[in-house]
Amino acid sequence: MADIKRRAWMLIADESSTSFLEWCRDQIAQLTHAEGTVKHYQTMLSRLQDFDTIRRWQDLTVENIYKWDAWLHQLTNQQGDGPISDAAIYNYHKTLKALLNRAYEFGCISENPYSRLRGKFKRGEKENIEFLTEEEIQRIMDLKLPAGSKLDTARDLFVFQIWTGLSFSDAEAFNVRLYKFDSESGTWKFTGKRIKTGVPYVSQLLPPVVDVLQKHGMKVPQIDNSDYNHLLKLIGDIAGIDTRMHSHLGRHTFATYMLRNGTRFENVSKRLGHKNLTQTPRYA
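Note that the structure is predicted; figures quoted are calculated from it, not measured.

Trainee: Explain the overall build of the chain to me, using residue names and the numbers behind them.
Mentor: Along its length, the chain carries 12 helices and 3 strands. In the chain, once contacts between residues fewer than 6 apart in sequence are set aside, the share between residues at least 24 apart is 62%. Surface summary for the chain: the accessible area is close to 16100 Å², and the carbon and sulfur share equals 49%.

Trainee: Before we move on, can you summarise the packing of helix H2 (residues 20-30) against helix H5 (residues 86-105) with the specific residues and values?
Mentor: Where H2 meets H5, the axes come as close as 11 Å, and the angle between the chain directions of the two elements is 95 degrees. Classified by the angle between their axes, H2 and H5 sit roughly perpendicular to one another. In this structure, H2 contributes Phe-20, Trp-23, Cys-24, Gln-27 and Ile-28 to the contact, and H5 contributes Leu-96, Leu-99, Leu-100, Arg-102 and Ala-103. Of the residues belonging to the contact of H2 with H5, the class tally is 8 nonpolar, 1 polar and 1 charged.

Trainee: Give me the pattern of salt bridges: which residues, what numbers.
Mentor: The tally for this structure, following the rule as stated, stands at 12 salt bridges. A salt bridge links Arg-56 to Asp-59; the shortest N-O distance between them is 3.2 Å. The salt bridge involving Lys-215 is made with Asp-152; its shortest N-O contact spans 3.0 Å. Taken together, the residues Lys-215 in helix H9 (residues 207-215) and Asp-152 in helix H7 (residues 150-164) connect sequence positions 63 residues apart.

Trainee: Now, about the layout of surface pockets: what can you tell me, with residues and values included?
Mentor: Empty space within the second largest pocket amounts to approximately 170 Å³. Lining of the second largest pocket is provided by Tyr-90, His-93, Lys-94, Lys-97, Tyr-114, Leu-117, Arg-118, Gly-119, Lys-120 and Phe-121. Per-class residue counts for the lining of the second largest pocket are 4 nonpolar, 2 polar and 4 charged.

Trainee: Quick rundown of the packing of helix H3 (residues 35-51) against H5? Include the residues and the values.
Mentor: Following both chains from N to C, one finds H3 and H5 inclined at 95 degrees, their axes separated by 10 Å at the closest point. As judged from the angle between their axes, H3 and H5 are roughly perpendicular. On H5, the residues that touch His-40, Tyr-41, Thr-43, Met-44, Arg-47 and Leu-48 of H3 are Tyr-92, Thr-95, Leu-96, Ala-98 and Leu-99.

Trainee: Please set out H5 residue by residue, giving values where relevant.
Mentor: In a regular helix each residue adds 1.5 Å, so 20 residues correspond to 28 Å; H5 covers 28 Å between its end C-alpha atoms and thus fits that length. Every buried residue belonging to H5 is among Ile-89, Tyr-92, His-93, Thr-95, Leu-96, Leu-99, Leu-100 and Ala-103, and all of these are buried. Here the buried residues of H5 occupy an arc of 160 degrees about the axis, which is enough to place them on one side. The secondary structure elements touched by the buried residues of H5 are H2, H3 and helix H4 (62-72). Remark: Gly-107 follows H5 within two positions and exhibits a positive phi of approximately 80 degrees.

Trainee: I'd love a proper account of the nonpolar core, names of residues and values included.
Mentor: Within the largest apolar cluster, 42 residues are counted, with the highest numbers of intra-cluster contacts made by Leu-132, Ile-140, Phe-158, Phe-160, Tyr-228 and Met-245. Elements represented by at least two residues in this core include exactly helix H6 (134-142), H7, helix H8 (168-172), strand S3 (200-205), H9, helix H10 (225-239), helix H11 (249-260) and helix H12 (265-272). In terms of residue count, H7 provides more of this core than any other element does, 7 residues in total. In this view, Met-245 contacts Leu-132, Ile-140, Phe-158, Asn-229, Leu-232, Lys-233, Ile-235 and Gly-236; residues no more than four positions away in its chain are not counted.

Trainee: If you had to explain the sheet that holds strand S2 (residues 187-193) to someone new, which residues and values would you point to?
Mentor: Strand order across the open sheet formed by 3 strands is S1-S2-S3, with antiparallel pairing between neighbours. The strands lining the two open edges of the sheet, one partner per strand, are strand S1 (180-182) and S3. The sheet shows a mean angle of 40 degrees between the axes of neighbouring strands, direction not considered.

Trainee: Got a sec to walk through the pairing of S3? Specific residues and values, please.
Mentor: Note that S2 and S3 share 6 bridges and pair antiparallel. The partner of Lys-189 across the bridge, within S3, is Gln-204. Hairpin remark: S2 followed by S3, antiparallel, with 6 residues in the connecting loop; positive phi at Gly-198, about 80 degrees.

What counts as what
- Each residue is numbered by its place in its chain's sequence as written, counting from 1.
- The predicted origin of the model limits local features to residues at a pLDDT of at least 70 and limits the giving and counting of side-chain atom pairs to 80 or more, whereas totals for whole chains, interfaces and linings rest on all residues.
- Computation of side-chain values: all heavy atoms of the structure, hydrogens and water removed.
- Only runs of H or I of at least four residues qualify as helices and only runs of E of at least two qualify as strands under DSSP, and these elements are numbered from the N terminus.
- By the convention used here, residues are in contact when the closest approach between their heavy atoms is within 4.5 Å.
- Each accessible area is a Shrake-Rupley result for a 1.4 Å probe, and residues are judged covered by the shown protein chains and nothing else.
- Lines fitted to C-alpha atoms define the axes here, with helix axes fitted over just the stretch in contact, and angles between the N-to-C directions of these axes take values from 0 to 180 degrees.
- For classification, angles of less than 35 degrees are called roughly parallel, those exceeding 145 degrees roughly antiparallel, those between 65 and 115 degrees roughly perpendicular, and all remaining angles oblique.
- Gly falls in the polar group here, along with every residue not listed as nonpolar (Ala, Val, Leu, Ile, Met, Phe, Trp, Tyr, Cys, Pro) or charged (Asp, Glu, Lys, Arg).
- Criterion for a salt bridge: a side-chain nitrogen of Lys or Arg within 4 Å of a carboxyl oxygen of Asp or Glu.
- Cavity: a set of points on a 1 Å grid over the protein atoms alone where a 1.4 Å probe fits but cannot get out. Pocket: an open set with protein on both sides within 12 Å along at least five of seven lines, its lining residues, like those of a cavity, having an atom within 4 Å of a point.
- Grid points are joined across faces, edges and corners, and a volume is the space filled by probe spheres set on the points.
- To estimate how far a helix should extend, the number of its residues minus one is multiplied by 1.5 Å.
- When a residue's accessible area, from a 1.4 Å probe over protein chains only, is under 20% of the maximum for its type it is buried; when over 50% it is exposed; and in between it is partly exposed.
- As used here, the arc belongs to the directions running from the helix axis to the C-beta atoms.
- Joining through side-chain atoms within 4.5 Å is the link that ties buried Ala, Val, Leu, Ile, Met, Phe, Trp, Tyr and Cys residues into a set, and such a set is a nonpolar core.
- Two strands form a pair only when DSSP identifies at least two bridges running between them.

What follows is the structure, encoded as structure tokens:
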């Protein structure tokens, strides 16, 4: 019976005027996720187009998913100095699987091929977490940049991330009015949910954060994410920092700094909005 259903589905898919890739493009355009998440979907689709084996609905087979995985493992990273990471490959699978779940719900396919591949693709972790030292943090904070320039704005946003641990999307959604004074710690605190995952997190306004907010009218500096990452590389060059500068480095630096200065894993995990405590010790 299952074989009959699959053959019927393939006949219907073959007659469809919309290819699987066209359907994916249309669905991604309708997503209401955070900008960064949508970009992950767009990048995955671009990779799938380059792969050029999964284009039609009938191409969605377990065999082709394995071929997709092998093809991804042959890619090089953005720096061009090694293979793409297992974590990045896992995210490509996760994103494609999510689209296929949607296709199944809409009745476009009779099954998601990933349903027969549970546990086959492991989530990789970075062997080394990149972060800035305290001396490097101070170097960035002390930089004399043209007031009001894009470089100055990018530096301030990065300092904000370093001392809050907020991701780029969560920093964009920052609203100082949501913070309440905590008499126990003597600081302003806020408990919210992460934009990307919906997981609760705790945020605290430390003195360097307050300095940035006061400089920008109690608001977080706003800048396009792609421009931001480009400017951070320039800032790293100016400050003489060898570590590759990017928007997530501030979050990594925050976690590493807090753990190295005695903050408990549980508290750091709450501030980062991790789903479980096992994600946090790798920053130690």
